[in-house]
Each structure stands twice: as structure tokens, then as C-alpha cells.
Amino acid sequence: MPNLEETYDIVVVGAGHAGCEAALACARLGLETIMFTVSVDSIALMPCNPNIGGSSKGHLVRELDALGGEMGKNIDKTFIQSKMLNESKGPAVHSLRAQADKQEYSRNMRQVLENTDHLTVRQAEVSEILVEDGRIQGVRTYSGAVYHSKAVILATGTYLKARCIYGDVSNATGPNGLQAANHLTDSLKAHGVEMFRFKTGTPARVDRRSIDFSKMEEQFGDERVVPFSFSTDPESIQKEQVSCWLTYTNSNTHEIIRANLDRSPLFSGAIEGTGPRYCPSIEDKVVKFPDKDRHQVFVEPEGLYTNEMYLGGMSSSLPEDVQYAMYRTVPGLEQVKIVRNAYAIEYDCINALQLKPTLEFKKIEGLFSGGQFNGSSGYEEAAVQGFMAGVNASMKILGREPYVLDRSQAYIGVLIDDLVTKENHEPYRMMTSRAEYRLLLRQDNADLRLRKIGYEIGLVSREDYEKLVEKEKNIEREVDRLEHTNIGANKQVQEFLESHGSTALKTGATLAELVRRPELNYFMLTEIDSERPDLSADTAEQVNINIKYEGYIKRQQQQVSQFKKLERKKLDEKFDYNSVKGLRREAIQKLNAHKPVSIGQASRISGVSPADISVLLVYLEQQRHQHQESCTELEEENVR
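The name given to the chain in an unreviewed UniProt entry is tRNA uridine 5-carboxymethylaminomethyl modification enzyme MnmG, with Hungatella hathewayi WAL-18680 as the source organism. For the chain, the Sequence similarities (unreviewed entry) comment in UniProt is given as "Belongs to the MnmG family." Of the chain, the UniProt comment under Subcellular location (unreviewed entry) reads exactly: "Cytoplasm".

Asks: For the side chain of Asp 612, give the residues involved together with the corresponding values.
Replies: Among the secondary structure elements, Asp 612 is positioned in helix α20 (residues 610-639). Among the residues examined, Asp 612 registers a relative accessible area of 1% and is labelled buried. Setting aside its immediate chain neighbours within four residues, Asp 612 contacts Leu 583, Arg 584, Ala 587 and Gly 607.

Asks: How would you sum up helix α13 (residues 462-484)? Please name residues and give values.
Replies: When the terminal C-alpha atoms of α13 are compared, their 33 Å separation across 23 residues agrees well with the 33 Å that a helix rising 1.5 Å per residue should span. On its buried side, α13 packs onto α12 (446-457), β24 (509-510), α15 (511-515) and α16 (537-548).

Asks: Describe empty space enclosed by the protein, naming the residues involved and giving the relevant values.
Replies: Throughout the structure, instances matching the rule amount to 4 cavities of 30 Å³ or more. Surrounding the largest cavity, 15 residues form its lining, Lys 199, Thr 200, Gly 201, Ser 281 and Ser 315 being those nearest its centre. Counting residues per element, the ones that place at least two in the lining of the largest cavity are β14 (195-202) and β21 (343-350). At 4 residues, the largest contribution of residues to the lining of the largest cavity is made by β14.

Asks: Just give me the short version of the pairing of strand β19 (residues 308-312), but keep the residues and values in it.
Replies: Extensive coverage of β19 is indicated by the burial of 5 of its 5 residues. On β19, burial covers both faces: Glu 308, Tyr 310 and Gly 312 on one face and Met 309 and Leu 311 on the other are all buried. Taken together, the 3 bridges between strand β15 (residues 205-207) and β19 define a ladder with antiparallel strand orientation. What sits directly across from Val 206, in β19, is Met 309. Sheet topology places strand β18 (residues 296-301) next to β19; 4 bridges connect them, and they run antiparallel. Bridge pairing in β19 places Glu 300 opposite Tyr 310. Connecting β18 to the antiparallel partner β19 that follows it, the hairpin turn spans 6 residues.

Asks: Any chance you could break down the pairing of strand β2 (residues 10-13) for me, citing the residues and the numbers?
Replies: Where burial is concerned, the two faces of β2 agree: the one with Ile 10 and Val 12 and the one with Val 11 and Val 13 are both buried. Looking at chain direction, β2 and strand β3 (residues 33-37) are connected through 4 bridges and run parallel. Directly across from Val 11, in β3, lies its bridge partner Ile 34.

Asks: Report on the packing of aromatic side chains, specifying residues and quantitative values.
Replies: Per the counting criterion, the structure on display carries 9 aromatic pairs. Note on Phe 575 and Tyr 577: the rings are 4.7 Å apart at their centroids and 85° apart in plane angle, and the pair reads as edge-to-face. Tyr 577 gets classed as buried once you look at its relative accessible area, which sits at 0%. Taken together, the ring pairs in this structure connect Tyr 8, Phe 36 and Tyr 147 into an aromatic cluster. A cation over a ring is seen here: Arg 62 above Phe 230, with NZ or CZ 4.3 Å from the ring centre. Over the ring of Phe 79 we find Lys 239, and its NZ or CZ is 4.1 Å from the ring centre.

Asks: Break down the layout of surface pockets for me, citing the residues and quoting the values.
Replies: Space inside the second largest pocket adds up to approximately 1,000 Å³. In this structure, the second largest pocket is lined by 33 residues; those nearest its centre are Pro 234, Ser 536, Ala 537, Asp 538 and Thr 539. Every element with two or more residues in the lining of the second largest pocket is listed here: α12, α13 and α16. The residue makeup of the lining of the second largest pocket, split by class, is 10 nonpolar, 8 polar and 15 charged. Mapped onto the domain boundaries, the lining of the second largest pocket takes at least three residues apiece from domain 1 (5-457) and domain 2 (462-566).

Asks: Which residues make up the domain arrangement of the chain, and what values do they have?
Replies: In terms of domains, the chain is made up of domain 1 (5-457), domain 2 (462-566) and domain 3 (569-638). Here the C-alpha centroids of domain 2 and domain 3 sit 45 Å apart.

Asks: Just give me the short version of the sheet that holds β15, but keep the residues and values in it.
Replies: Two orientations exist for strands paired in a sheet by backbone hydrogen bonds: parallel and antiparallel. Strand order in the open sheet formed by 6 strands is β16-β17-β18-β19-β15-β20, with antiparallel pairing between adjacent strands. Looking at the sheet topology across the chains shown, the edges are occupied by β16 (217-219) and β20 (338-340). In this sheet, adjacent strand axes meet at a mean angle of 35° when their direction is disregarded.

Asks: Can you explain the UniProt feature "binding site: FAD" (unreviewed entry) in the chain? Please cite residues and give values.
Replies: Feature annotation in UniProt assigns "binding site: FAD" (unreviewed entry) to the following positions: Gly 14, Ala 15, Gly 16, His 17, Ala 18 and Gly 19. Positionally, Ala 15 belongs in the loop between β2 and α1 (17-28). When its relative accessible area of 5% is taken as the criterion, Ala 15 is described as buried. Residue position: Gly 16 is located in the loop between β2 and α1.

The rules behind these values
- For every chain, the first residue of the written sequence is number 1, and numbering continues from 1 onward in sequence order.
- Since the coordinates come from a predicted model, pLDDT governs what is reported: local features require at least 70, and pairs of side-chain atoms require 80 or more to be given and counted, while whole-chain, interface and lining totals use all residues.
- With hydrogens and water stripped out, all remaining heavy atoms of the structure feed into the side-chain values.
- UniProt positions are given in the numbering used here, feature names are shortened, and annotations may be inferred rather than shown by experiment.
- The helix count covers DSSP runs of H or I at least four residues long, the strand count covers runs of E at least two residues long, and both are numbered beginning at the N terminus.
- Exposure classes here rest on a 1.4 Å probe applied to the protein chains alone. A residue is buried below 20% of its type maximum, exposed above 50%, and partly exposed in between.
- Contact definition: two residues touch when any of their heavy atoms are within 4.5 Å.
- Here the expected span of a helix is defined as 1.5 Å times the quantity of residues minus one.
- A cavity here means a set of points on a 1 Å grid, drawn over the protein atoms and nothing else, where a 1.4 Å probe fits but cannot get out; a pocket is an open set with protein on both sides within 12 Å along at least five of seven lines, and a residue lines either one if it has an atom within 4 Å of a point.
- Grid points are joined across faces, edges and corners, and a volume is the space filled by probe spheres set on the points.
- Should DSSP find at least two bridges between two strands, the strands are regarded as paired.
- To pair, rings of Phe, Tyr and Trp, with the six-membered ring standing in for Trp, must have centres within 6.5 Å; the planes then decide the type, stacked if under 30 degrees apart, edge-to-face if over 60, and tilted in the middle.
- Note on criteria: charge over ring means Lys NZ or Arg CZ within 6 Å of the ring centre, with the direction from the centre no more than 35 degrees off the ring normal.
- Residues are grouped as follows: nonpolar covers Ala, Val, Leu, Ile, Met, Phe, Trp, Tyr, Cys and Pro; charged covers Asp, Glu, Lys and Arg; every other residue, Gly included, is treated as polar.
- Residue ranges labeled as domains rest on an automatic or database domain assignment.
- To obtain an axis, a line is fitted to C-alpha atoms, over the contacting stretch when the element is a helix, and the angle between two such axes runs from 0 to 180 degrees between their N-to-C directions.

Below is the structure:
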């Protein structure tokens, strides 16, 4: 009997956060798309923490939404607590974070996928990629079925040859005990794909009824909820929220961990994969920070449907009995009952240096990838990569130019550039400190930066784009009004300034000058600004930031101009750097291996120094002059 054969435009392998965004982007652009998952029950699964967003990750979600992604809309529908982090600091590091109802989040995303035109969802394990003459032809499943396609997007998450471990227990399963994908790795290696072995982990889930919350600090959500999606009406999501809780480990906890390190697979050598530096297990924390006498433990609900609580900050791969012993030393957890043991998970992923900035493999045309398969960590990092892989796979098939966001445009640009340019020997996590231009790349202005691009791609509606244009006009008009509205030193103004601890006026001042005072802001001036228009909260926020941080913003914009100059100096991906005299041997090796697309990207490659970049710039200038001279000689010859 012949095996099943079908043809699609695009095949997406995996239905986690990367796969969902990739599949939706492709299908919404009108391409016939099929998305494979080892289990339809794992669509948009949250196998670890029950939240979306957080420091820098909130930026990614809002950027994804501005471009036309789904994650922001989905968490707005399914959050149970929402909080803006870092509000005591400047706007560059404000980040939205929401606790999700895990089951509702997954269910809602599945509903969207199953009701999207041009999208087919299929439960099957993809075991082989089909490649011919360096070009992707489709995939084969474990059952032998063949799916022909013009492009394939790999978004396998932590499922490839996955192994879950705690103590001496080792199960060949994916997260949450789901089936692992054990066959695709061999096919990828056979086609020359370089693989890494990474590790991540998750803490225990415990029974709410066994927790004494009176010994913990209650953590509340924001009174006024800010949505993730720019399309969500803020009034529609104001609701009663659940509480989270904060407690701490102590010296007894740490002593139990130290006494059992020989039973930890992390330290015994049973785990080979490299773990995330910025999300360490509790064993790692105790060993690496011996001077710290306590570590935070966040106790978070998994959803409204369950009594399971997540113990954030205490991921572990210690044996079952040790887990019970250490958790029960924590205040409030003395009688705790474990529902699911903590575990570490090892999985196969790729060396992302094999990818172009479009997330297409350099050596296999039409093969794209995104998410934890690229060596990153986190739901948000995965989602944005999946989206960009989906967009660029679609652009390739549609014969349109690819979309590559650079480091000055978006956190997404920083994330992908870091992955495809820098050597990452551990799961990559996005952080605000990685973004050089973070004052410009704030989460509050993601729509102003990226909505137009989403509209050009075809994933943002005309209605949403026109709202953006109107918002831009309102901001510009109001900033201009404030800069040109003078206010006198009358009694009302002086009393207002005195009440806010601000220096009295000796002569008149513009409203913008008052906004710039450290102790004042745009919102405070309402009582002395009788002509103020009625603006939405997010528009007013932009007005305040644009005026208050004008000097810093202009300085960063100048830095971006310098950055853009190097990004515009393109390099041929086939160029042989051995021909450039004066380059150091290490630089030649790194540049030939990476094949950067621009001088800017070349400057960020580990092992390429500023001196090497200077040599390259001189070489390119010489080549340009030689080309111009050749063209002039040719023109003169033609005239003769």
C-alpha cells in the first residue's frame, strides 16, 4: 500500500509558542499551512512557569502584537493576575507580566488555530526532512506519510530526544510527561545540521490546600490593568484578580541541598546538557552563591480550574525525597504536598550560527527554524522567533523581500541578531541589558515602532493601522502645543508648584518646561492646563515620555544613526576573507565561518576586533574606488 502524500505551501513542525505564531502568520498571509504536533493537547502548552511577559519579555510580547502576532491577544483573554514591573524605575525597563490560566491559554490558542483559514492541524511525529540539491522539499512522518512543501519551519521546542530527570529517575519523555520526538535529530544531522544538547528545568507543583499562606507575603495585581495587545480595549479586561505569594528559602533549605548534591544529576554528571545561566536551579543557586542566606520563592496559581501552585525560583532535579525535605523547610510549605515533582529536561537544539538573520538555514534553502530549537529559553523568545520565521518563509514563497528587524528597531531584532551572530553555549534569555538602544525600544511605544511594518507585511488590519496614524498625530500635536503654550507666574501656578515641591516661577515658562522638571510630569499639570485635549492613557504616556526624556532620546537616536551606517555596508555572503590583507587569523576564521551580511553584523562576532573592522572598511573603500575607476575607463573606451 502506498503511503499518504499531501502538498502544502508551508509545513510547521511543533505547536508550542513558536509553532503557533509561525503557523498563524503563514496561514493569515494566505499560504496553505500544516502544523504538526506530537499531541494536539500540547498546543500552546505552558510546561513551566504559568505567566507571560516579565522583564524584557513583556517588550517582546508587545512588539509581537504590534507586528500582528497572537500571544498578546491570548494572554489578555486568559490572565488571572497582571502587573507592571519596575515602575519605580525609568520607562525603558517597565515590563508587563501576567499570570495565565494555563488551561484557558492553551484552549483559547487552539481554538484560534483550528478556526484560521488555510491552516491544518495534524497530530503526528515528523521524523525526517526531505532535501534535494540543498533545497527543502517537505517532511516525512514516523508513519511514512509524506508532506511536500515549499518551506518547512522547525519549532520543536524541548521535544527532540527529550529526557526528563530527577535523582536516579530518567524518562525519555517531553515536558509534562508528553511523548518525545526521537527521530528527527538523526535526519537533521544527516543533512549536516550541527546540534547542541541543552537543558532546562522546572520546579514542583504543589497542592494549594497544603500551603499556609499566613507565613507568606501576599502579592497583588495592578488595580488598573494595562493590556498586552494594542488591539485590546483596556476597559474590557478590568476584573477581579487572584493573588500570588512570596516566601524564602533559608539556611535549613540550603543545608539539605548541600548534603544531597551527590544525588543531584546536575552535579553527578548524569545530565550532559548545558543549562540556562539566568534561570538556575535551586542547587545551582546554593552552590554558586554560598554567601546568600535566602532565595525568593514565588508561589503562583496555575489557573482557576486547579489547586496546583507553581513554586517559582525552586526548579530542581534532586531526588523525590530530597525535594520533599527541602520544600518543607520553606515558611508556609511545612506540610506541603507535591502534585508533580520538579525535574530537569534535556533536549536537542541547533547551533543558531547556521541561520541567516531571516532564520533560514544558510545551507538548506527553504528550511527555517524558531524558538527553543534555536537555543533560546522562554515562551516569549520562542513566540517572536516563530513569528519572524513564519513571515520570512511566507515572503520567500510569495516572492517578496524578507523582513529583518535590526537592533535599533526592536528587542526582537536584538534577540535574533544575538542568536545568529554570537556564540551561545547555553540557552539564551532576553534581558533589557542586551539592548543598546533600550530607551528607544520601550514596551510602551512598540506600536509606534512596529505597527506600520506589521501592516506592510499584511498581518495588521487597515483599521488598526489607521488608529496608529491618528495616535501619532495626536502625540505630535500635543507635544507641539505644550512646547508653545506659555504659562504665567500667577497665584494659581505658584500654589500648584509649591504643593508639588517645585521651585516657584520668576517669569513665565512653557508647559513643556514644567513637564521636564524631575518632580513634575504631564499628568500632574492637568489642573493648570485648561486647554488640555482628552487623550487616551497610552497617548498621554507618550507625550510625557517624549518631553521628559527628549535629550536622552535624541542622544540615542544619534547613536542609532552611527549603527545604521555600519548595517548599510553590506557584505557578500560568498566573500572569501582570506583575500583581505591585514586581518588576523582568528578574524578570518570567524568571518568565513559566520558569513556576516553586513559590517555591523561582522563587528558583533566574537573574535572579530575593532581593528579587524577597520581593515575591512579600508578594504571595501579600496574595492569601491577600483570599481569606480573601472567603470570610468569602460565609459571612456566606449566613447572612443
